[in-house]
Amino acid sequence: GFMCATETLTAKELTPYTFQHCKGQVEVGESFEVHYVHSSAGYSPEDLKEVDIDGIDDGLGGAANGRGILNPMIVVQAQV
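Residues numbered from 1 in each chain as written. Predicted model: local features only at pLDDT ≥ 70, side-chain atom pairs only at ≥ 80, totals over all residues. Heavy atoms only, no water.

Student: It is not clear to me how the overall build of the protein should be interpreted in this structure. Could you clarify?
Tutor: What the protein contains, in helices and strands, is two helices and two strands. The N-to-C order of helical and strand elements in the protein reads β-α-α-β. Relative to the globule expectation of 12 Å for 80 residues, the C-alpha radius of gyration of the protein, 17 Å, shows a markedly less compact shape. With respect to the principal axes defined by its C-alpha atoms, the protein has extents near 50 × 30 × 15 Å. Taken across its 80 residues, the protein has 8% of its residues classed as buried. Considering only contacts in the protein between residues 6 or more positions apart, those separated by 24 or more positions represent 65%. Surface accessibility of the protein: about 6,900 Å² in total, with carbon and sulfur atoms responsible for 55%. (Helix = DSSP H or I, 4+ residues; strand = E, 2+ residues; numbered from the N terminus. Rg over C-alpha atoms; globule rule 2.2 N^0.38 Å. Buried < 20%, exposed > 50% of the residue type's maximum accessible area, 1.4 Å probe, protein only. Contact = heavy atoms within 4.5 Å. Areas by Shrake-Rupley, 256 points an atom, 1.4 Å probe, with all protein chains shown as cover.)

Shown next, in the form of structure tokens:
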């Protein structure tokens, strides 16, 4: 994968930080690729009320098979 250069970062920019909302080993100075998955088979906010479903953990499988919709439209955006 692609790694962003860190040689030009200052000591302040490389200071360790405790990430509150990230899962896994996330560290300052590393490169991360984030995927935003959009699907016509995704869950609406109403679908998620009072149900124990994490709409994020489904990933591409949920985008392709969510709610039993055949041949849904899927768009994946990536950001490094």
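Student: How should I be thinking about the confidence of the model for the protein in this particular structure?
Tutor: Detailed conclusions should not be drawn from predicted coordinates in areas where pLDDT is low. Counting all residues, the mean pLDDT for the protein is 83, and 91% of those residues have values of 70 or more. Per-element confidence in the protein is highest for strand 2 (residues 74-79), whose mean pLDDT is 89, and lowest for helix 1 (residues 45-48), whose mean pLDDT is 78. (pLDDT = per-residue confidence, 0-100.)

Student: Where do I start with a nonpolar patch on the surface in this structure?
Tutor: Together, Val37, Leu60, Ile74 and Val76 line one region of the surface with nonpolar side chains, adding up to about 310 Å² of accessible area. Mapping Val37 onto the fold places it in strand 1 (residues 34-39). Taking relative accessible area as the criterion, Val37 reaches 35% and is therefore assigned partly exposed. (Patch = residues over 30% accessible without salt bridge, like charges linked within 9 Å, V, L, I, M, F, W, Y side chains within 5 Å. Salt bridge = Lys/Arg side-chain N within 4 Å of Asp/Glu carboxyl O.)

Student: Mind showing me how you'd approach the packing of aromatic side chains here?
Tutor: What describes a pair of aromatic rings is the distance from one ring centre to the other and the angle between the planes of the rings. Under the defined criterion, the tally for this structure stands at one aromatic pair. Between Tyr17 and Phe19, the aromatic rings sit 5.0 Å apart at their centres with planes inclined by 80°, giving edge-to-face as the arrangement. (Phe/Tyr/Trp six-rings, centres within 6.5 Å; stacked < 30°, edge-to-face > 60°.)

Student: Explain the environment of His21 here, please?
Tutor: One can find His21 in the segment before strand 1. What makes His21 exposed here is its relative accessible area of 75%. Taking the C-alpha atoms as reference, His21 lies 26 Å from Asn65; in sequence the two are 44 residues apart.

Student: Whenever I open this one, the state of the cysteines confuses me. Can you help?
Tutor: Should the sulfur atoms of two cysteines be covalently bonded, the bond is a disulfide. Tallied over the entire structure, the rule returns zero disulfides. Here Cys4 stays free of any disulfide, with the sulfur of Cys22 as its closest cysteine sulfur at 15 Å. With relative accessibility at 38%, the residue Cys4 sits in the partly exposed group. (Disulfide = S-S within 2.5 Å.)

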